[in-house]
Every structure is written in C-alpha cells, then in structure tokens.
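Inside the fold
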Amino acid sequence: MTIRKILTFPDPKLREVAKEVTNFDSNLKELANDLLETMYEFKGIGLAAIQIGVNKRIIVADISDEKQEPHIFVNPKIKVLNENKKGGYDEGCLSIPGFYEEVIRPTQVEISFQNLSGENEKIIPEGLLGVVVQHETDHLDGKLMVDYISSVKRQRIRSKLLKLKK
Ligand code: GNR
Ligand code: NI
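Not measured: the values here are computed from a predicted model.

Residue Pro 10 is reached from Phe 9 by a cis peptide bond, and omega for that bond is 5°. Note on placement: Pro 10 falls in the segment before helix H1 (26-41). Residues other than glycine seldom take positive phi values, yet Lys 43 does so here, at roughly 60°. With respect to the element layout, Lys 43 can be found in the loop between H1 and strand S1 (46-48). Positive phi values are uncommon outside glycine, yet Asn 75 reaches one of about 50°. Along the polypeptide, Asn 75 turns up in strand S3 (residues 71-82).

In structure tokens form, the structure reads like this:
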C-alpha cells in the first residue's frame, strides 16, 4: 500500500480519456488499495485513478465519515434515471485544491460497473454518493468540475494554481 501523489489542474494528464480495465489481477487490487489509501490520506470522499496518473477506468469512493465504507468501481457506466437538475452541490476536487464550485447534475443515476473480480454489478447510489460517482466518472473521461463553470472563473483558478506550483 502506497500513498500516491495527486496531479493538479491544469496538468494535461487529467484531460486524458482513461482506458478500460481488462486484467482483473493482483495489480488491479493493489491499485485499488493505493487509491483508497491516497483518498483517505488527503481526506477525499472519492478518487479516480487518472488523478494519480494511472490511465485506467477505476474509481473509489467513501462518503461515510465514521466507519469506512469503501466502494470500488471498475469500468463504471452512468445511466441517468432522473434528469431533474434542481439545486446544485458545492463540489471540491483533490486535483483543484482550495476551490469549491456549485455543479448542477442529474439527481438520480444508476452506476453499472465491475468489481475487482470482474463481475458485473449495478447500484443506484443515494444522495452524496450519487454526486461523487458522477464527479469520478467525469475524471475518467478527462472532464473536471471546473468545466461546469464559466471560462473566466476557470482561467482564474488555473492561474492561481499555476502560481502556487512555482
Ligand atoms: O473529496 C471530494 N469531495 C467532493 C465533494 C463534493 C463532490 C465531489 C467530491 S469528490 C472529491 C475528491 C475528488 O477530487 N475526487 O475526484
Ligand atoms: Ni475530483
């Protein structure tokens, strides 16, 4: 188990479209453990492999603050069940540290995915978990939370983060 470094916006790697997972081997389990450990270390509630520079379609999430209830989703696919987009949610992103922006998303989705053994599963995530799985699957397609806000705001965040890096 290793805590990995998280890439930050505007790192071009975060714009890559991640590749389907085809090998459900011990390396994949190791990657899932690293994702969980890194997510807990940085106090996140979700993490996509591309955020640690690994171009694979795997995400993890854990929205419970007391007991750990880790979710691992391999090759996730989102189906919108309720397009209703009332009331956005203030989202944060470990790849955009220090910024919180309201993102309006569908209120109910179904996520179909494979588990670490390659078996198909699907769930209808409730509440915040539904928001997080949409945020994470966006990462796998190179999409970031800042793509939902105005380009003026996005540029401002971009230059602030670039200055912090220097
Ligand atoms: O830690 C995180 N919090 C969060 C809050 C609201 C909506 C989405 C998220 S995901 C984020 C971690 C992260 O960057 N995952 O990609
Ligand atoms: Ni994120």
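Now that the structure has been shown, the text picks up again.
With that settled, the discussion passes to the pattern of salt bridges. Going through the model one piece at a time under the given rule, you end up with eight salt bridges. Arg 57 serves as the salt-bridge partner of Glu 20, at 4.0 Å between the closest nitrogen and oxygen. Of the two residues, Glu 20 sits in the segment before H1 while Arg 57 sits in the loop between S1 and strand S2 (58-61), which places them 37 residues apart along the sequence. Since its relative accessible area comes to 46%, Glu 20 is described here as partly exposed. With relative accessibility at 10%, the residue Arg 57 sits in the buried group.

This brings us to the coordination of the nickel ion (ligand 2). The coordination sphere of the nickel ion (ligand 2), as far as protein atoms go, consists of Cys 93 (SG), His 135 (NE2) and His 139 (NE2), spread over 2.1 to 2.4 Å. Each donor residue of the nickel ion (ligand 2) belongs to the same chain, and together they define the spacing C-x41-H-x3-H. Separated by four residues within a single helix, His 135 and His 139 lie in helix H2 (residues 127-140), roughly one turn from each other. By relative accessible area, which is 9% here, His 135 ends up buried.

The next thing to look at is H1. An ideal rise of 1.5 Å per residue puts 22 Å on 16 residues; H1 measures up with 22 Å between its terminal C-alpha atoms. Buried-residue contacts for H1 involve S1, S2 and S3. The residue sitting at the N-terminus of H1 and contributing the capping side-chain oxygen is Asp 25; that oxygen lies 3.3 Å from the backbone nitrogen of Asn 27. Of the residues flanking the end of H1, it is Lys 43, one or two places downstream, whose phi is positive at about 60°.

The rules we used
- Residues numbered from 1 in each chain as written.
- Chains lettered and ligands numbered in written order.
- Predicted model: local features only at pLDDT ≥ 70, side-chain atom pairs only at ≥ 80, totals over all residues.
- Heavy atoms only, no water.
- Helix = DSSP H or I, 4+ residues; strand = E, 2+ residues; numbered from the N terminus.
- Salt bridge = Lys/Arg side-chain N within 4 Å of Asp/Glu carboxyl O.
- Buried < 20%, exposed > 50% of the residue type's maximum accessible area, 1.4 Å probe, protein only.
- Donors = N, O, S within 2.8 Å, 3.2 Å for Na, K, Ca; no water.
- Expected span 1.5 Å × (residues − 1).
- Contact = heavy atoms within 4.5 Å.
- Polar contact = N/O pair within 3.5 Å; in protein donor to acceptor, adjacent residues only side chain to side chain.

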